[in-house]
Amino acid sequence: MLKSLRGFWGNSLRYSWPAYLIVVGVFACGIITGAMGVKGIPFEQAQELKTYLDQFLQQAGMMEVDNTGVLRDVMYNDLVLILEVYLLGLTVIGIPVMLGIIFTRGFVLGYCVAFLTNSKSLQGMALTCAAILPQNIILVPALLMGGVASLCFALLLVKRFYNSKTVIWPSFVIYSGLMCLVLAVSAGAGLVEVYLTPLLVKLTAAYLL
């Protein structure tokens, strides 16, 4: 099983490396742009955000979370995200939109991490590890893999447009199956975000205070 999976990824990288390069590059550009965007925050707004962050840290230990409601919202958001990437891969004109989604995800991630680390230094790094890293270390690779699959299938549709003999169905089945796997992984990330991340945030907040 492990050998077959390793062979699958090896073949995927060998034949689809341009798609990997594009998707990862767009995501990296989003992170860099988001991190640089923090420097453009007006001083007054930055102070307000820092005050809000301090209040959040002080109240984090007493916060009660409705796990059922939060889990429903997180699962719904992740479902919509992966479904958008999947459906956009079934078109050609939707690929820029899909890459825009990847870029935006990177932008938000880069912005949040940069703001926390800039405003709280080592404390911000600790809070980043507690609040942002746990779910994203699972979700981001899955999202990038979904983006690569989406781009590859859209390019196959382009090839089919110029060559009617190009077979689509087997690739569609593989694409759909892979996106189901991506969705399952994103659900795992949602569980981490709802049940593990709040606990880590509370422990980190108590340590920082």
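Conventions and cut-offs
- Residues numbered from 1 in each chain as written.
- Predicted model: local features only at pLDDT ≥ 70, side-chain atom pairs only at ≥ 80, totals over all residues.
- Heavy atoms only, no water.
- Helix = DSSP H or I, 4+ residues; strand = E, 2+ residues; numbered from the N terminus.
- Buried < 20%, exposed > 50% of the residue type's maximum accessible area, 1.4 Å probe, protein only.
- Contact = heavy atoms within 4.5 Å.
- Core = buried A, V, L, I, M, F, W, Y, C linked by side-chain atoms within 4.5 Å.
- pLDDT = per-residue confidence, 0-100.
- Expected span 1.5 Å × (residues − 1).
- Bend = angle between axes of the 7 residues up to and from the residue.
- Patch = residues over 30% accessible without salt bridge, like charges linked within 9 Å, V, L, I, M, F, W, Y side chains within 5 Å.
- Areas by Shrake-Rupley, 256 points an atom, 1.4 Å probe, with all protein chains shown as cover.
- Salt bridge = Lys/Arg side-chain N within 4 Å of Asp/Glu carboxyl O.
- Phe/Tyr/Trp six-rings, centres within 6.5 Å; stacked < 30°, edge-to-face > 60°.

A short note on the overall build of the protein chain
Thinking step 1. If you tally the helices and strands in the protein chain, you get six helices and zero strands.
Thinking step 2. Counting helices and strands in the order they occur from the N terminus, the protein chain gives α-α-α-α-α-α.
Thinking step 3. Burial analysis of the protein chain (209 residues in total) assigns 38% to the buried set.
Thinking step 4. Excluding contacts between residues fewer than 6 apart, the proportion of contacts in the protein chain whose partners are at least 24 apart in sequence is 82%.

A closer look at the nonpolar core
Soluble globular proteins: nonpolar side chains tend toward being buried together.
Thinking step 1. Counting 41 residues, the largest nonpolar core has Val23, Met98, Ile102 and Met179 as its most contacted members.
Thinking step 2. It is helix H5 (residues 133–162) that provides the largest number of residues to this core, a total of 11 residues.
Thinking step 3. Ignoring any residue separated from it by four or fewer positions in sequence, one finds Met179 in contact with Ile82, Val85, Tyr86, Gly146 and Ala149.

Details of the confidence of the model for the protein chain
Thinking step 1. When pLDDT is averaged across the protein chain, the result is 84; 87% of the residues are at 70 or more.
Thinking step 2. The secondary-structure element of the protein chain with the lowest mean pLDDT is helix H2 (residues 43–60), recorded at 71, while helix H3 (residues 67–89) shows the highest, at 91.

Some words on the side chain of Thr128
Thinking step 1. Its place among the elements puts Thr128 in helix H4 (residues 95–131).
Thinking step 2. Exposure remark for Thr128: the relative accessible area of 12% places this residue in the buried category.
Thinking step 3. Apart from the residues within four sequence positions on either side, Thr128 is in contact with Val113, Leu116, Thr117 and Leu133.

Regarding the environment of Gly147
Thinking step 1. With respect to the helices, strands and loops of the structure, Gly147 is situated in helix H5.
Thinking step 2. Considering only alpha carbons, one finds Gly147 and Val24, 123 residues apart in sequence, at a separation of 9.0 Å.
Thinking step 3. If we skip the residues at most four places from it in the chain, Gly147 touches Val23, Val85 and Met98.

Some details on H4
Thinking step 1. The end-to-end C-alpha distance of H4 is 31 Å, clearly below the 54 Å that 37 residues give at a rise of 1.5 Å each.
Thinking step 2. At Lys120, H4 is bent by approximately 145°, the largest bend along its length.

Thoughts on a nonpolar patch on the surface
Thinking step 1. There is a patch of nonpolar side chains on the surface, built from Leu79, Leu83, Leu87, Leu90 and Leu183 and spanning about 370 Å² of accessible area.
Thinking step 2. Counting residues per element, the nonpolar patch draws most heavily on H3, which supplies three residues.
Thinking step 3. By the element assignment, Leu83 lies in helix H3.

Section: the environment of Thr204
Thinking step 1. Mapped onto the elements of the fold, Thr204 is located in helix H6 (residues 169–208).
Thinking step 2. Given a relative accessible area of 14%, Thr204 falls into the buried group.
Thinking step 3. Between the alpha carbons of Thr204 and Gln123 there is a distance of 8.8 Å; along the sequence they are 81 residues apart.
Thinking step 4. With residues near it in sequence (within four places) discarded, Thr204 still touches Ala126, Leu127 and Ala130.

Brief notes about the packing of aromatic side chains
Thinking step 1. Scanning the entire structure with this criterion turns up five aromatic pairs.
Thinking step 2. Aromatic side chains Phe153 and Tyr175 sit 4.9 Å apart centroid to centroid with 10° between the ring planes, which places their arrangement in the stacked category. You can see Phe153 sitting in helix H5 and its partner Tyr175 sitting in helix H6, a full 22 residues away along the chain. Both residues of the pair, Phe153 and Tyr175, count as buried.
Thinking step 3. Counting every residue linked through ring pairs, the aromatic cluster contains Tyr86, Phe153, Trp169, Phe172 and Tyr175.

Looking at H3
Thinking step 1. In a regular helix each residue adds 1.5 Å, so 23 residues correspond to 33 Å; H3 covers 33 Å between its end C-alpha atoms and thus fits that length.
Thinking step 2. Every buried residue belonging to H3 is among Gly69, Leu71, Val74, Asp78, Leu81, Ile82, Val85, Tyr86, Leu88 and Gly89, and all of these are buried.

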